Amino acid sequence: MKPIKKLLLFILAVFFFWFLYYQNNGLTITEYEIQSSKLPESFEGFTIVQLSDLHNKSYGKTLPRKVNQTNPNIIVFTGDLVDQKNDNEFESLQLMEELMQIAPVYFVTGNHEWWAGNFSSLENQLKIIGVKVLRNSFEVIELAEEEIVLIGIDDPAVASVVDEFSTVERALEDALVGVSDQFSILLSHRPEMFSLYVAFEFDLIFSGHAHGGQIRLPFLGGLIAPNQGFFPKYTSGVHRESNSTMIINRGLGNSIIPQRLFNRPEIVVVNLERLKPF
């Protein structure tokens with residue numbers, strides 16, 4: 001083989017492996033503006049960062065630095081901080097500790113927290129750090145004597161059940177005990193339950209789980225997602241129905257499938273705006 005051909009092949013190989021690496025590790029920030037007439041005036045410009053599906057992956061200082069640049073009021077994490085096949089939680093807990101230095105952090109479980117089999121220990125460590133773990137419960141967030149409510153539910157993998165839909169429905173009923181008619185934000189790992197979230201009339205829903213469809217194809221979107229199969233409906237972005245808006249984070253890490261394509265890991269930033277009635 002001629003030297004020039006060897007050089008070209010080498011360059012192509014380097015580019016190919018760099019491309020695969022970048023697809024898995026090149027963090028991207030996606031920003032959305034959510035408007036609602038129910039939003040109290042004090043929450044105009046309130047910024048929420050959503051992270052999801054880390055699966056024990058480490059980004060070093062890069063991830064907290066990028067989050068800090070968005071100047072969030074709160075950070076929400078919608079499950080699968082850890083991975084059932086990787087029991088090294090040190091990097092994930094270190095990340096949560098660093099995020100706590102930026103803004104209050106709220107966490108709900110994904111399926112991998114339960115599949116890993118040691119959530120009790122993880123939950124204790126998160127609470128020691130200061131993370132607020134929402135388990136079929138809610139927190140009231142107050143600014144200038146005005147309030148919004150943040151609801152979080154366990155992933156249905158908490159129980160060995162066949163009917164996950166009914167499990168989530170019961171979790172929502174439990175979580176909403178004592179919640180009044182305020183602007184409501186739901187943290188729930190599973191996006192495929194959107195119709196249920198709409199039925200409960202949540203204003204804003206944050207979800208993950210689908211990993212963006214793992215491989216994203218032009219005009220078609222995500223290729224495959226857990227609990228949705230091939231060409232799933234809910235993989236990323238904004239979905240609206242009735243008065244509910246769901247935002248799906250494409251996630252930060254991988255689990256069963258080790259490679260992303262055209263689907264870089266994502267930090268979601270949501271800015272809330274008060275929609276003034278005419």
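What counts and how
- Residues numbered from 1 in each chain as written.
- Predicted model: local features only at pLDDT ≥ 70, side-chain atom pairs only at ≥ 80, totals over all residues.
- Heavy atoms only, no water.
- Helix = DSSP H or I, 4+ residues; strand = E, 2+ residues; numbered from the N terminus.
- Rg over C-alpha atoms; globule rule 2.2 N^0.38 Å.
- Buried < 20%, exposed > 50% of the residue type's maximum accessible area, 1.4 Å probe, protein only.
- Contact = heavy atoms within 4.5 Å.
- Lys, Arg positive; Asp, Glu negative; His and termini not counted.
- Charge placed at Lys NZ, Arg CZ, Asp CG, Glu CD.
- Pairing = 2+ DSSP bridges.
- Axes fitted to C-alpha atoms, helices over the stretch in contact; angles between N-to-C directions.
- Parallel < 35°, antiparallel > 145°, perpendicular 65-115°, else oblique.
- Left-handed = near helix turned anticlockwise from the far one by under 90°.
- Core = buried A, V, L, I, M, F, W, Y, C linked by side-chain atoms within 4.5 Å.
- Phe/Tyr/Trp six-rings, centres within 6.5 Å; stacked < 30°, edge-to-face > 60°.
- Salt bridge = Lys/Arg side-chain N within 4 Å of Asp/Glu carboxyl O.
- Polar contact = N/O pair within 3.5 Å; in protein donor to acceptor, adjacent residues only side chain to side chain.
- Patch = residues over 30% accessible without salt bridge, like charges linked within 9 Å, V, L, I, M, F, W, Y side chains within 5 Å.
- Areas by Shrake-Rupley, 256 points an atom, 1.4 Å probe, with all protein chains shown as cover.

Enquirer: Please provide a residue-by-residue account of the overall build of the protein chain, values included.
Expert: Along its length, the protein chain carries seven helices and 16 strands. Against the compact-globule benchmark of 19 Å for 278 residues, the protein chain has a radius of gyration of 19 Å, which places it among compact chains. Taken along the three principal axes of its C-alpha coordinates, the protein chain extends 75 × 45 × 35 Å. Here the protein chain, with 278 residues, has 51% of them falling under the buried criterion. Relative to all contacts within the protein chain whose residues are 6 or more apart in sequence, the contacts with residues 24 or more apart total 72%. Across the protein chain, the centroid of the 22 positively charged side chains sits 14 Å from that of the 33 negatively charged ones.

Enquirer: Which residues make up the sheet that holds strand β1 (residues 28–36), and what are the values?
Expert: Across the sheet, six strands lie side by side as β1-β16-β2-β3-β4-β5; this open sheet has mixed pairing. Edge strands, defined here as strands with exactly one partner in the open sheet, are β1 and β5 (132–133). Here helix α3 (residues 90–100) sits on the sheet in contact with β2 (47–51), β3 (74–78) and β4 (105–108), set at roughly 145 degrees to β4.

Enquirer: Please set out the packing of helix α2 (residues 62–69) against α3 residue by residue, giving values where relevant.
Expert: Viewed as axis vectors pointing N to C, α2 and α3 meet at an angle of 25 degrees, and their least axial separation amounts to 10 Å. Considering the angle they form, α2 stands roughly parallel to α3. Crossing hand, α2 versus α3: right-handed. In this structure, α2 uses Leu-63, Pro-64 and Val-67 to contact α3, whose residues at the interface are Leu-95, Glu-98 and Leu-99.

Enquirer: Kindly report on the pairing of strand β14 (residues 237–241), identifying the contributing residues and their values.
Expert: Pairing of β14 with strand β15 (residues 244–248), which is carried by five bridges, proceeds in the antiparallel orientation. The residue bridging Glu-241 from the neighbouring strand is Ser-244, located in β15. Here β14 folds back onto β15, and the loop between the two strands holds two residues, one of which, Ser-242, carries a positive phi near 55 degrees.

Enquirer: Any details on the nonpolar core? Residues and values, ideally.
Expert: Formed by 28 residues in total, the largest nonpolar core has its most connected members in Leu-51, Leu-63, Met-96, Phe-107 and Leu-126. No other element matches the four residues that α3 contributes to this core. When near neighbours in sequence (up to four residues on either side) are disregarded, Phe-107 contacts Phe-77, Gly-79, Leu-81, Met-96, Glu-113, Phe-119, Leu-126, Val-131, Lys-132, Val-133 and Leu-134. Formed by 23 residues, the second largest nonpolar core is a distinct cluster that contains Leu-39, Ile-185, Phe-206 and Leu-272.

Enquirer: Go over the packing of aromatic side chains with me, naming the residues and quoting the values.
Expert: For the structure shown, the criterion picks out ten aromatic pairs. Ring pairing ties together the aromatic residues Phe-15, Trp-18, Phe-19, Tyr-22 and Phe-262, which thus form one cluster.

Enquirer: How would you summarise the side chain of Glu-89 if you had to cite specific residues and measurements?
Expert: You can see Glu-89 is positioned in the loop between β3 and α3. No salt bridge is formed by the buried Glu-89. Its closest oppositely charged neighbour is Arg-135, at 14 Å. At a separation of 3.0 Å, a polar atom in the side chain of Glu-89 contacts the side chain of Asn-118. Discounting residues that sit within four places of it in the chain, Glu-89 has contacts with Asn-56, Val-82, Asn-118, Leu-122 and Gln-125.

Enquirer: Could you give an account of the pattern of salt bridges, naming the residues involved and the relevant values?
Expert: Per the counting criterion, the structure on display carries eleven salt bridges. Residue Asp-154 pairs with Arg-135 through a salt bridge whose shortest N-O separation is 3.1 Å. Of this pair, Asp-154 sits in the loop between β7 (146–152) and α6 (164–175) while Arg-135 is found in the loop between β5 and β6 (137–143), placing the two residues 19 residues apart along the sequence. Three or more residues are tied together by salt bridges with common partners; here these are Glu-123, Lys-127, Arg-135 and Asp-154.

Enquirer: I'd like a rundown of a negative patch on the surface, residues and numbers included.
Expert: A contiguous patch of negative charge on the surface is contributed by Asp-163, Glu-169, Glu-173 and Asp-174. Tracing the sequence through the fold places Glu-169 in helix α6.

Enquirer: Run through the sheet that holds strand β9 (residues 204–207), naming residues and quoting values.
Expert: A sheet is described by the order of its strands in space; here six strands give the open sequence β6-β7-β8-β9-β15-β14, paired in mixed fashion. Lying at the two open borders of the sheet, with one neighbouring strand each, are β6 and β14. If you compare each strand with its neighbour and ignore which way they point, the axes differ by 20 degrees on average. Sheet topology places β7 next to strand β8 (residues 184–187); four bridges connect them, and they run parallel. Bridge assignment links Leu-150 to a residue of β8, and that residue is Ile-185.

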